[in-house]
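What the coordinates show
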Amino acid sequence: MAHTNSQRKPVPFEHVKIEDAFWAPRMQANRQRGLEAVYQQLAETGRLDAYALDWAPGSDGLQPHVFWDSDVAKWVEGACYSLINHPDKRLLEKVEIVVGKILSAQGEDGYLNPHFTVVAPGQRWTNLRDKHELYCAGHMIEAAIAHHRATGERRFLDGMLRYADLIHRVFGPKKGQKRGYPGHEELELALIKLYRHTWEREYLDLAAYFIEERGQSPYYFDTEARARDEDPADYWAKTHAYTQSHRPVREQTTVVGHAVRAMYLYAGMADLAAETRDASLLEALQRLWVDLTAHKLYLTGGIGPSRENEGFREAYDLPNREAYAETCAAIGLVFWAQRMLQLDLDSTYADVMERALYNGLLSGVSFSGDRFFYENPLASEGNHHRQKFFTCSCCPPNINRFLPTLGGYLYSVGPKEINVHLYVHSKAKIELEDGALTIIQQTDYPWDGIVCLRFEMRVSRTFTLKLRKPSWCLRGRVYLNGRDVSAEGDVERGYFALTREWQPGDQLRLQWAMPAGLVYPHPRICADIGKAALMRGPLVYCLEAADQEVPLDQIFLPGNGTFDSEFRPDVLEGLVVVSGQATRVDSNDWGEVLYRQEPPRFESVPFRAIPYYAWDNREAGAMRVWLPLVPEAGRSQL
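Described below are features of the structure shown in this document. Every value quoted in this text rests on a predicted model; they were computed, and no experiment measured them.

To continue, consider the overall build of the chain. Counting its regular elements, the chain contains 15 helices and 23 strands. The C-alpha atoms of the chain give a radius of gyration of 25 Å, which matches the 26 Å a tight globule of 638 residues would have. Taken across its 638 residues, the chain has 61% of its residues classed as buried. Restricting to contacts in the chain with at least 6 residues of sequence separation, those with at least 24 account for 71%. The averaged location of the 85 negative side-chain charges in the chain is 3 Å from the averaged location of its 72 positive side-chain charges.

Regular strands show a simple pattern: their side chains alternate between the two faces of the sheet. Relative to strand β13 (residues 495-502), strand β9 (residues 461-468) runs antiparallel, the two being bridged by 8 bridges. What sits directly across from Phe463, in β13, is Arg500. In this structure, strand β12 (residues 490-492) lies alongside β13, joined through 3 bridges in antiparallel fashion. Paired with Asp490 across the strands is Ala497, a residue of β13.

Glancing now at the sheet that holds strand β5 (residues 417-420). What holds strands together in a sheet is hydrogen bonding between their backbones, with the strands either parallel or antiparallel. Here 6 strands make up an open sheet; going across it, the order is β1-β4-β5-β9-β13-β12 and the pairing mixed. Unpaired on one side and paired on the other, β1 (9-10) and β12 mark the two borders of the sheet. One ladder, built from 2 bridges, connects β1 with strand β4 (residues 411-414); its direction is antiparallel. In the sheet register, Lys9 faces β4, and the bridge partner there is Val413.

It is the contact of helix α2 (residues 68-85) with helix α3 (residues 89-104), at a shortest axis distance of 10 Å, that shows an interaxial angle of 145°. Where α2 crosses over α3, the handedness of that crossing is left-handed. Across the interface between the two elements, Val72, Trp75, Val76, Ala79, Cys80, Ser82 and Leu83 from α2 touch Leu91, Leu92, Lys94, Val95, Val98, Val99 and Ile102 from α3. Each residue belonging to the contact of α2 with α3 can be placed in one class, and the counts come to 12 nonpolar, 1 polar and 1 charged.

The next subject is the pairing of strand β10 (residues 476-480). Two strands pair when backbone bridges link them, and β10 and strand β14 (residues 507-512) are joined in this way by 5 bridges, in the antiparallel orientation. Residue pairing across strands places Tyr479 opposite Arg509, the latter belonging to β14. Note that β10 and strand β11 (residues 483-484) share 2 bridges and pair antiparallel. Bridging from a neighbouring strand, Tyr479 pairs with Asp484 of β11. Counting the residues that bridge the hairpin from β10 to β11 gives 2 residues, and of these Asn481 lies at a positive phi of roughly 50°.

Calculation notes
- Residues numbered from 1 in each chain as written.
- Predicted model: local features only at pLDDT ≥ 70, side-chain atom pairs only at ≥ 80, totals over all residues.
- Heavy atoms only, no water.
- Helix = DSSP H or I, 4+ residues; strand = E, 2+ residues; numbered from the N terminus.
- Rg over C-alpha atoms; globule rule 2.2 N^0.38 Å.
- Buried < 20%, exposed > 50% of the residue type's maximum accessible area, 1.4 Å probe, protein only.
- Contact = heavy atoms within 4.5 Å.
- Lys, Arg positive; Asp, Glu negative; His and termini not counted.
- Charge placed at Lys NZ, Arg CZ, Asp CG, Glu CD.
- Pairing = 2+ DSSP bridges.
- Axes fitted to C-alpha atoms, helices over the stretch in contact; angles between N-to-C directions.
- Left-handed = near helix turned anticlockwise from the far one by under 90°.
- Nonpolar A, V, L, I, M, F, W, Y, C, P; charged D, E, K, R; others polar.

This is the structure we're talking about:
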């Protein structure tokens, strides 16, 4: 049976200072431009003015939308997390203005949602399936916790405690309560975070209720539809799998439906399993994890290929040009993977977390920090570009709130153990049972696989250090104070473990071999049959038209070629470029003939690839992640 370990905890992001040349500039761009850009869009689109509650039918203002609260809340959360490590008086002033607007719209009973206050005042809690009320409430609660952590002031937190208490009175199994649950999951995460912030048990119990009630028969979403005089059969999605409410969570075996909703549900289930040490929840999560990673995960860590349901299709159905792969879904996958690591220390979770982080998530924001992808396709003809904002604009403020917390994904601690999940140049304060120590991590990762760790502490300390050996690394060595200890540690589920009495000043040197190479798809992924992709370390690479001498559709990768890697400071703010020789089909001798019996001729051409996260930061042009391999006829002519 699966085993949960609720004693393993992530090191808080405020205890980790990231100082590298890769992530630090992205975090700075988010602080200096991203937060401001999203704030301006919130103002211009009426999301902030909605809290004045002055909209009425026929008025000139924009009608408050059902999910606008979530956009505002995520921005507040991101701004507050940024303020924790980087105080900024002007940003704080904006936060306090927005918080004041939010609280001015809260009802006497604690309810908060401008849409249901002025647009549909008689429809509160009548359509949980579609209307995002509880989803928005969750984001507001998380924003209030972040605000309290950043400022120490309680006004926002107290307001959202009143809202959480209202929800606790309205929903549950008792007589007179609604037996509903969120149509768009998120509140579950927020309630457990609120429990951990206040240690008030009722919030954990309410989160547990929402998770346990989901999918129980009779289906609540059918019951509430009938109460609205609607036929449940008319539901546009046609299945409760869209909201992961088709069966109780412990009985679910495949990832289905809307991808962001699924990730938030699974992350909430993992949080609940950690608090209750519920092994059966972990078993369900492990089954779902295997289904996702073995059947429905893009190479980039993106998930949810379908535009129709913003989510999952059948196993191996992973188109490239039509890939939806929403940025929020990649963020949700990082949330879930990190929580699984605390329950079940296995490098499988950290590998996927890293893949999603460096590729599917990071591609969602421009180098400038103020333009965003909602969708992240793996192929483009040059007509897909990042935008300032979207009508449904969940992704920009989600990026805003994620990047300041990146440090919280590097390490976790347990009784007598420190786990290193990600390699980022940084300085971290680690709290163990017998005192604190500092880990200084020096590396040029992801450009270089050499990582140096140094311990600063006043006295020697005995603990187990567990270092993730990345799945992409075929050869790795570990040195302690200059001595090769690669054969001395135990490798446990992808983590190299060293237990010893550590001395002040001890230094580790990790050498993870990082050559560029080809990755091949499962034969059942129809979109990629006969193709391969390039990877180097954790980074997926792509070809952009701007770097090639011939059109991308004419380029074939060699199946057994070698590739060069070079750091180019002049390319896209500095990155490692992968280059080599490819093959192209020569069409010059075809004339006006459309078909012929003589096979085409092939010739060698150079190619240059850049990391996938960096595409569409230059002039518009085609892009490909997966490219065809040189056919046999081509090999024989070269």
